[in-house]
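Residue-level listing of the chains:
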Amino acid sequence: MDKSILPKQPSICHCTNMRRSSRAITQFYDELLEPSGLKVTQYSLLNHLRRLGPLTMNELSKAIRLERTTLVRNLKPLENMGLVSILTEKASQAHLVHLTEKGLKSLEMAFPYWNQAQENLKELLTEEEIRVFKGVLQKLESITP
């Protein structure tokens, strides 16, 4: 049987449904951001650095709720592209992550594409659905510290 013709049906597993939704929305944002050369995960990291300023790896990891090893892996391509710099502080040996000027320009160039994704979602979801969605996400994020 050709499984591609089967209708997409939700799983009985809430986690599976959330992961499917997460992959779909990530793909949606990535497609719109493609002309900028950034993925939504990269855009998000750069935007956090723009808002919060230089942070140590541990501070950034906590701020974005991402395991440090995953953060390091996600920062490496951004560092290679010259969008962030990672410097070791002599006194503490902590790695300080900075948004570079090139990173700021890349973020500014990507903003209209990211904003278009945001606007497209506003057309898909009502204001009430977005409000409820944000509340549900906050509750779900509170499951773990």
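Please read all numbers here as calculations on a predicted model, not as lab measurements. (Residues numbered from 1 in each chain as written. Predicted model: local features only at pLDDT ≥ 70, side-chain atom pairs only at ≥ 80, totals over all residues. Heavy atoms only, no water.)

Caption draft 1: Molecular detail of the pattern of salt bridges. Scanning the entire structure with this criterion turns up four salt bridges. Salt-bridge contacts for E79 lead to K76; the nearest nitrogen and oxygen are separated by 3.2 Å. Within this pair, E79 and its partner K76 are both found in helix α4 (residues 68–80), separated by three residues, close to a single helical turn. Relative accessible area serves as the criterion here: at 25%, E79 is assigned to the partly exposed category. The class for K76 is partly exposed, based on a relative accessible area of 44%. K122 serves as the salt-bridge partner of E119, at 3.5 Å between the closest nitrogen and oxygen. One end of the pair is E119 and the other is K122, both in helix α5 (residues 101–124) and three residues apart, which spans about a single turn. (Salt bridge = Lys/Arg side-chain N within 4 Å of Asp/Glu carboxyl O. Helix = DSSP H or I, 4+ residues; strand = E, 2+ residues; numbered from the N terminus. Buried < 20%, exposed > 50% of the residue type's maximum accessible area, 1.4 Å probe, protein only.)

Caption draft 2: Main features of the packing of helix α1 (residues 14–33) against α5. At a minimum axis distance of 8 Å, the contact between α1 and α5 shows a crossing angle of 140°. As judged from the angle between their axes, α1 and α5 are oblique. Taken as a pair, α1 and α5 cross one another with a handedness that is right-handed. Seen from α1, the contacting residues are I25, F28, Y29, L32 and L33; seen from α5, they are A110, Y113, W114, Q116, A117, Q118, N120 and L121. Classifying every residue of the contact of α1 with α5 by side-chain character gives 10 nonpolar, three polar and no charged. (Axes fitted to C-alpha atoms, helices over the stretch in contact; angles between N-to-C directions. Parallel < 35°, antiparallel > 145°, perpendicular 65-115°, else oblique. Left-handed = near helix turned anticlockwise from the far one by under 90°. Contact = heavy atoms within 4.5 Å. Nonpolar A, V, L, I, M, F, W, Y, C, P; charged D, E, K, R; others polar.)

Caption draft 3: Focus on the pairing of strand β2 (residues 84–88). Here β2 pairs with strand β3 (residues 95–99) via five bridges, running antiparallel. Along β3, the bridge assignment pairs S85 with H98. Remark: six residues form the turn of the hairpin made by β2 and β3, two consecutive strands paired antiparallel; Q93 in that turn has positive phi of roughly 65°. (Pairing = 2+ DSSP bridges.)

Caption draft 4: Geometry of the side chain of D30. Within the secondary structure, D30 sits in helix α1. Buried D30, no salt bridge; nearest opposite-charge side chain is K39, N-O distance 4.6 Å. (Lys, Arg positive; Asp, Glu negative; His and termini not counted.)

Caption draft 5: Fine view of the environment of P54. Mapped onto the fold, P54 is located in the loop between α2 (40–52) and β1 (55–56). Judged by relative accessible area, P54 falls into the partly exposed class, the value being 47%. For the pair P54 and H98, spaced 44 residues apart in the sequence, the C-alpha separation amounts to 4.7 Å. Ignoring sequence-local partners within four residues, the contact set of P54 consists of L96, V97 and H98.

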